[in-house]
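Structural overview
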Amino acid sequence: MINGPAGVGKTTLASRWLHQHGSAFPDGQLYADLRGYAADGPVGPGDILSRFLRALGAWAVPIDLPEQASLWRSVTADLRIAVMLDNAFSAAQIRPLLPGGSGSLVVVTSRHRLTGLRLDGADFHLLQVLDHAAGMELFIRGAGEGRVSGELPAVRRVVDLCAGLPLAVCLASARLAARPKQPIAELAEALTRDLGRLAVLEVEGEASVGKALEASYAVLSREAARMYRVLGLLPLPDFDARAAAAACAETLDWAERRLDELIEANLLEDIGPDTFRFHDLVRVHARDRASATDTEADRERSLRQVADWYLQVATEAQRQITPIQFTLPRTYAYPCSLTAPFTDDVGALAWLQARRSHLMALLRLAVEHSWHATAWQLVDAMWPLFLRLRHYDLWIAAHRIGLEAARSDGDLEAERQMLNSGAIGLSAARRIDEAAEWYMASLHAARDAGDARDEGQALLGLGGCHYEAGRYVEAVSHLNRAVAIWEQCGYPRGVALARVVLGEVALAEHAPERAVACFTQARDGLLAIPDPHDAARALAFLGRAHVRTGDHAAGIAQMEEALTAFTASGAVHWQARTVEMLGDTARERGEEAAAEEFHAQALALYETTSPVDARRLRRP
């Protein structure tokens with residue numbers, strides 16, 4: 001546990017120490033900024049656990065914090081990892097993030113002492129401000145010995161005004177280095193003037209840091225100063241060059257040059273690749289400068305520009321990953337000419353995964369500013385993230401916000417879209433009763449609007465809920481109604497998806513011949529669209545149905561073909577489902593050793609995608 005005042009170098013010390021001792025942690029290092037002193041409040045441990053678990057291979061993470069913490073301890077029990085928890089606010093924020101086992105190390109930095117962590121075995125290290133000699137050495141290293149020669153009294157005065165804070169010393173020396181002809185006495189005078197303080201935080205040395213920041217800001221070019229102010233407004237923990245360009249309504253080349261200038265001035269941290277962030281104190285100063293310099297309309301426009309950019313790129317990712325998916329129209333206040341930073345579905349999904357916290361932050365920003373259409377459109381554009389990576393917690397939280405935004409926007413079609421896609425997330429998270437409520441609301445809304453396609457979607461969802469609850473007669477009734485409606489309005493993909501669930505019901509009712517017919521029709525329809533992922537799902541089930549009819553050779557071959565498709569696409573959850581079916585088949589054939597091996601493989605895959613299925617498979 002490393003604590004000390006803001007700007008004293010806690011993060012730098014911890015990061016350097018961990019870098020030097022990386023070989024002691026062969027299973028890797030994880031980092032999280034807990035944002036304990038951010039204006040919008042600290043990050044909850046659930047958000048960090050979700051990110052950590054996925055970094056270690058978990059694709060589907062439980063929604064509830066206790067289940068997340070349990071899975072985290074289980075996953076890390078035999079690992080030797082280092083975890084850095086930066087800018088912690090409280091012991092309660094830390095405890096759920098402690099890994100299992102004894103081979104790992106957690107390094108915490110905080111401006112508070114967090115003495116409650118002593119009960120958890122923490123060692124405490126208070127990082128003091130630099131003494132005068134160390135401050136002088138740091139300043140001279142930054143400015144250069146030749147630059148300060150003959151002006152040591154003024155250097156001493158500058159270092160004293162920096163109050164021993166490394167951040168302030170580095171900023172002051174960078175400011176001096178940028179002005180090779182400026183006497184050091186002028187810098188000292190600039191730091192002495194009463195330019196106010198960073199009122200948001202009250203920590204030792206803050207006034208001096210504020211003056212150092214103000215002096216560094218004052219020598220920026222006009223364009224870099226504008227970017228500095230704009231970036232200080234963003235509700236994002238970090239950002240890339242394209243986001244910076246979009247927020248400023250400039251070209252990528254322009255943004256990269258301004259970012260270089262801010263990094264050179266030690267006002268921005270390059271945590272790359274193509275990733276930048278502010279120190280907390282610098283962010284506060286940048287935001288204060290924006291409030292003092294720019295009009296409210298200017299600030300609003302910058303925020304809307306970055307929100308529109310993220311919506312634009314997320315929509316392109318959605319089009320890339322799920323081209324056959326129905327997408328509602330988008331509205332942009334400030335369309336951006338920048339190109340998306342990916343060219344294929346793998347890159348698009350990686351972008352969504354890496355930017356999911358950004359998208360959620362901008363979603364909340366849109367709600368705060370009453371940009372209702374932007375809010376629900378962001379949720380709609382995040383669909384591939386939820387569908388492929390199964391972030392149940394984000395899936396449900398985003399759709400609750402999106403549903404309210406669609407209603408506030410008065411867009412009935414968007415409201416039905418939020419109800420349907422949100423209900424899918426609730427059902428996938430095993431909140432069946434709540435999912436059924438959302439589907440019923442969608443069904444009534446679709447009938448009121450005369451929208452047959454949405455009516456079929458709601459009926460499909462209700463049929464799936466009844467199937468999950470073991471109410472097979474009700475499930476078949478709803479699914480057949482969905483098929484009839486979709487056949488009448490001409491939506492073949494919906495018909496095929498309903499037939500997949502009808503096949504699952506048939507298997508559950510021990511009617512494998514009926515299941516074979518359903519899955520065969522479903523697969524043929526999905527291949528014709530084409531929808532290769534869902535066609536592979538139908539094929540896996542078809543193989544299991546053939547086995548149940550006694551045609552083991554054909555069934556096993558079909559399941560193996562489906563498994564190959566899922567492995568190639570990275571669909572881990574469906575790899576697990578297919579391997580489990582192969583294990584069930586082996587057990588039914590009396591091949592116990594093979595069954596145990598298949599089920600062990602399935603369990604390992606479920607551990608990272610579906611804790612509920614993992615618990616089910618562990619039961620004797």
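Provided above is the structure to which this section pertains.
The structure contained in this document is the topic of the report that follows. (Residues numbered from 1 in each chain as written. Predicted model: local features only at pLDDT ≥ 70, side-chain atom pairs only at ≥ 80, totals over all residues. Heavy atoms only, no water.)

**Points about a negative patch on the surface**
On the surface, Glu 256, Asp 260, Glu 264, Asp 270 and Asp 274 cluster together to form a negatively charged patch. Position of Asp 274 among the secondary structure elements: in the loop between strand S6 (269-270) and strand S7 (276-277). Owing to a relative accessible area of 37%, Asp 274 belongs among the partly exposed residues under this scheme. (Patch = residues over 30% accessible without salt bridge, like charges linked within 9 Å, V, L, I, M, F, W, Y side chains within 5 Å. Areas by Shrake-Rupley, 256 points an atom, 1.4 Å probe, with all protein chains shown as cover. Salt bridge = Lys/Arg side-chain N within 4 Å of Asp/Glu carboxyl O. Lys, Arg positive; Asp, Glu negative; His and termini not counted. Charge placed at Lys NZ, Arg CZ, Asp CG, Glu CD. Helix = DSSP H or I, 4+ residues; strand = E, 2+ residues; numbered from the N terminus. Buried < 20%, exposed > 50% of the residue type's maximum accessible area, 1.4 Å probe, protein only.)

**Side note on the nonpolar core**
The biggest cluster of nonpolar side chains holds 165 residues, and the ones touching the most others in it are Phe 139 and Tyr 228. Beyond its immediate sequence surroundings of up to four residues, Phe 139 is in contact with Val 148, Val 155, Val 158, Val 159, Val 169, Ala 172, Ser 173, Leu 176 and Leu 187. Formed by 24 residues, the second largest nonpolar core is a distinct cluster that contains Leu 53, Leu 71, Trp 72 and Ile 94. (Core = buried A, V, L, I, M, F, W, Y, C linked by side-chain atoms within 4.5 Å. Contact = heavy atoms within 4.5 Å.)

**Quick notes on the packing of helix H18 (residues 372-381) against helix H21 (residues 412-428)**
Two numbers describe how H18 lies on H21: the axes approach to 11 Å, and their chain directions differ by 40 degrees. Here H18 lies oblique to H21, going by the angle between them. Considering only the axes of H18 and H21, their crossing is left-handed. Contact residues: H18 offers Trp 376, Val 379 and Asp 380, while H21 offers Ala 414, Gln 417 and Met 418. Residue composition of the contact of H18 with H21, by class: four nonpolar, one polar and one charged. (Axes fitted to C-alpha atoms, helices over the stretch in contact; angles between N-to-C directions. Parallel < 35°, antiparallel > 145°, perpendicular 65-115°, else oblique. Left-handed = near helix turned anticlockwise from the far one by under 90°. Nonpolar A, V, L, I, M, F, W, Y, C, P; charged D, E, K, R; others polar.)

**Things to note about the packing of aromatic side chains**
A full pass over the atoms with the stated rule returns 14 aromatic pairs. With centroids separated by 5.7 Å and ring planes inclined at 85 degrees, the aromatic side chains of Tyr 228 and Phe 278 adopt a geometry described as edge-to-face. With Tyr 228 in helix H11 (residues 222-233) and Phe 278 in the loop between S7 and helix H14 (280-293), the pair connects residues that are 50 residues apart, well separated along the chain. Here the two residues Tyr 228 and Phe 278 agree in accessibility, since each one is buried. When the centroid spacing of 5.3 Å and the interplanar angle of 15 degrees are considered together, the rings of Phe 519 and Phe 541 count as stacked. Residue Phe 519 is located in helix H26 (residues 512-528), and its partner Phe 541 is located in helix H27 (residues 532-549); the two are separated by 22 residues in the primary sequence. Here the aromatic residues Tyr 217, Tyr 228, Phe 239 and Phe 278 are joined through ring pairs into a cluster of three or more. (Phe/Tyr/Trp six-rings, centres within 6.5 Å; stacked < 30°, edge-to-face > 60°.)

**Observations concerning the environment of Val 505**
Mapping Val 505 onto the fold places it in helix H25 (residues 492-508). The spatial distance from the C-alpha of Val 505 to the C-alpha of Ile 485 is 20 Å, given a sequence separation of 20 residues. Discounting chain neighbours no more than four positions away, the residues touching Val 505 are Tyr 467, Tyr 472, Ala 475, Val 476, Leu 479 and Arg 514.

**Quick notes on the sheet that holds strand S2 (residues 29-33)**
Read from one edge of the open sheet, five strands run S2-S3-S4-S1-S5, paired in parallel fashion. Strands with a single pairing partner mark the edges of an open sheet, and in this sheet they are S2 and strand S5 (125-126). As defined by bridge partners, S2 adjoins strand S3 (residues 82-88) across five bridges and the pair is classed as parallel. Among the inter-strand pairings, Ala 32 is bridged to a residue of S3, identified as Leu 85. Where helix H1 (residues 10-20) meets the sheet, its contacts fall on strand S1 (2-3), S2, S3 and strand S4 (105-110), and the angle it forms with S4 comes to roughly 165 degrees. Of the strands in this sheet, S2 and S3 are in contact with helix H2 (residues 45-55), which crosses S2 at around 155 degrees. (Pairing = 2+ DSSP bridges.)

**Things to note about helix H29 (residues 572-588)**
Two residues of an α-helix separated by three or four positions point the same way, owing to the 3.6 residues in each turn. For H29, with 17 residues, the first-to-last C-alpha span of 25 Å sits near the 24 Å given by 1.5 Å per residue. Most of H29 is tucked away, with 13 of its 17 residues classed as buried. One or two residues past the end of H29 sits Gly 590, with phi positive at roughly 80 degrees. (Expected span 1.5 Å × (residues − 1).)

**Some points on the pattern of salt bridges**
Using the criterion set out here, one finds 32 salt bridges in the structure. A salt bridge links Arg 258 to Glu 223, with the nearest nitrogen and oxygen atoms 3.2 Å apart. In this pair, Arg 258 is assigned in helix H13 (residues 252-264) and Glu 223 in helix H11, connecting sequence segments 35 residues apart. Among the residues examined, Arg 258 registers a relative accessible area of 9% and is labelled buried. When the shortest N-O distance is used, the salt bridge between Arg 301 and Asp 298 registers 2.7 Å. In this pair, Arg 301 and Asp 298 are both assigned in helix H15 (residues 296-321), three residues apart and thus about one turn of the helix distant. Of the residues examined, Arg 301 reaches a relative accessible area of 34% and is grouped as partly exposed.

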